[in-house]
Amino acid sequence: MHDIQMTKEGLVVPDYPTIPFIKGDGIGPEIWEQAQRIFDQAVFLTYQEKKQIQWQEVLAGQRAFDETGSYLPQETLDIIKKQLISIKGPLTTPIGEGIRSINVALRQTLDLYVCMRPVRYFKGVPSPVKHPEWTDMVVFRENTEDIYAGIEFAAESIEAKKLMTFLADELNVTNIRFPKTSAIGIKPISSQGSKRLVRAAIEHALAHQKQFVTLVHKGNIMKFTEGGFKKWGYEVAEQEYAEQTFTYHTYDTIKKELGEDQANQALQKAQQAGKLIVKDCIADIFLEEIIARPKDHQVIATMNLNGDYISDALAAQVGGVGISPGANFNLQSGHAVFEATHGTAPKFAGKNKVNPCSVLLSGVLMFRYLGWGEVAERIERAIEQAIASKKVTFDFAAQLPEAVEVSLSVFSQQIFDQL
């Protein structure tokens, strides 16, 4: 029996689990080749032959289209659904008609409502900020709603005209400046979707003994969608985790009723008691704070579009998306897809140049999800040691003093040897 199961008690992982993988497009196959042998070696060194991954290749992306006529074949979806956990390289986003994005399609089909992006600094990685080591955050990005729901209509299309007419005639919307030539989209944000995302962020913060959860939103302008996210996020903290959290919503209420001194005393008392502080921040201010005061934020809960911007901005502070892992979860069903967060970089495909760390660190997240934490730690340490050698791929070598540029395969071999 090699199938991973989700039970009421949680994930049940056999000693020889079957894990589907997608090599990816562009640079994906050459990265995956190196990553898989590192994964296998790390498992072997940790467990000898008592545990082992049974890899199962499935097709998606350009290769899938070339061989089957579909960018995301039904067979691939069926296997990923059955096996619960999978890992993938970067995939081509088809241009023109048809599927909007393979990544989005996977997230929507499997209801992978959490996109988790840990952001931390590895010593020796080049960074544009003075203190990249101060950046240590985990982004929980809602994965199924917001504009990524894909509800939009082209300018001057029949659908756009119908929607404009409905808005004007039925809802008295008069503030669309150029209704005849506007494309139009719909941004759904629900209490259910918001609450399950914030719940996951709070659970993570409590499990890892963090001090802060920050709800990032643009609720000052979008009062019912992003403002709703903030409101529902605070409701989760105050109604479901009242004994373990103190919210800035509570702080503001005390301040209004009893004054600032009483509010500060309540906040200080909560901090002394070791309670998790749940606060909120407007998205544009947050992007300033992650540079000016990154220590003020640890676990981030936000909506889909904000999370997209924030994840890449944070990645830039610690070395770029080449070293940024990603995971997509449904914590109820147990489904998880781990992925490299960078693109396919076709101009580098086949040149043995690129950094493999994004997919390797996504594998680290996967092994932790499996409960194989020793494997995850072994790979992480090996990556740190390989970077410290200053024999690195071109993206790091160009920015590191006295660094020596090496190929993908040579850099990967260093990681392999350090295991």
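Below or above, wherever it landed, is the structure these notes cover. (Residues numbered from 1 in each chain as written. Predicted model: local features only at pLDDT ≥ 70, side-chain atom pairs only at ≥ 80, totals over all residues. Heavy atoms only, no water.)

1. Details of unusual backbone geometry
Even without glycine at this site, Gln 48 takes up a positive phi of about 55°. Considering the arrangement of structural elements, one finds Gln 48 in the loop between helix H1 (28–47) and strand S4 (54–57). On the accessibility criterion, Gln 48 (43% relative accessible area) is partly exposed. A positive phi angle is found at Asp 146, which is not glycine, with a value near 65°. Along the polypeptide, Asp 146 turns up in the loop between strand S7 (137–142) and strand S8 (152–153). For Asp 146, a relative accessible area of 1% puts it in the buried group. (Helix = DSSP H or I, 4+ residues; strand = E, 2+ residues; numbered from the N terminus. Buried < 20%, exposed > 50% of the residue type's maximum accessible area, 1.4 Å probe, protein only.)

2. Quick look at the sheet that holds strand S13 (residues 299–302)
Pairing in this open sheet of eleven strands is mixed, and the strands run S4-S3-S5-S15-S14-S6-S7-S13-S10-S12-S11 from one edge to the other. Two strands in the sheet have a free side with no partner beyond their single neighbour: S4 and strand S11 (245–247). The mean inter-strand angle of the sheet, taken between neighbouring strand axes irrespective of direction, is 25°. The sheet contact formed by S7 and S13 spans four bridges and is parallel. The partner of Arg 141 across the bridge, within S13, is Thr 302. Helix H6 (residues 191–207) contacts strand S6 (114–119), S7, strand S10 (212–217), strand S12 (276–282) and S13 of the sheet and is inclined by roughly 160° relative to S7. (Pairing = 2+ DSSP bridges. Axes fitted to C-alpha atoms, helices over the stretch in contact; angles between N-to-C directions. Contact = heavy atoms within 4.5 Å.)

3. Thoughts on the nonpolar core
Taken as a class, soluble globular proteins show a tendency for nonpolar side chains to be buried jointly. One finds Ile 85, Phe 338 and Phe 367 to be the most contacted residues of the largest nonpolar core, which totals 93 residues. Counting residues per element, this core draws most heavily on helix H12 (residues 357–370), at ten residues. When neighbours within four sequence positions are excluded, Ile 85 is seen to be in contact with Ile 4, Leu 11, Ile 19, Pro 20, Gly 334, Ala 336, Phe 338, Met 366, Tyr 369 and Leu 370. Counting 15 residues, the second largest nonpolar core, distinct from the first, contains Leu 72, Leu 91, Leu 106 and Val 337. (Core = buried A, V, L, I, M, F, W, Y, C linked by side-chain atoms within 4.5 Å.)

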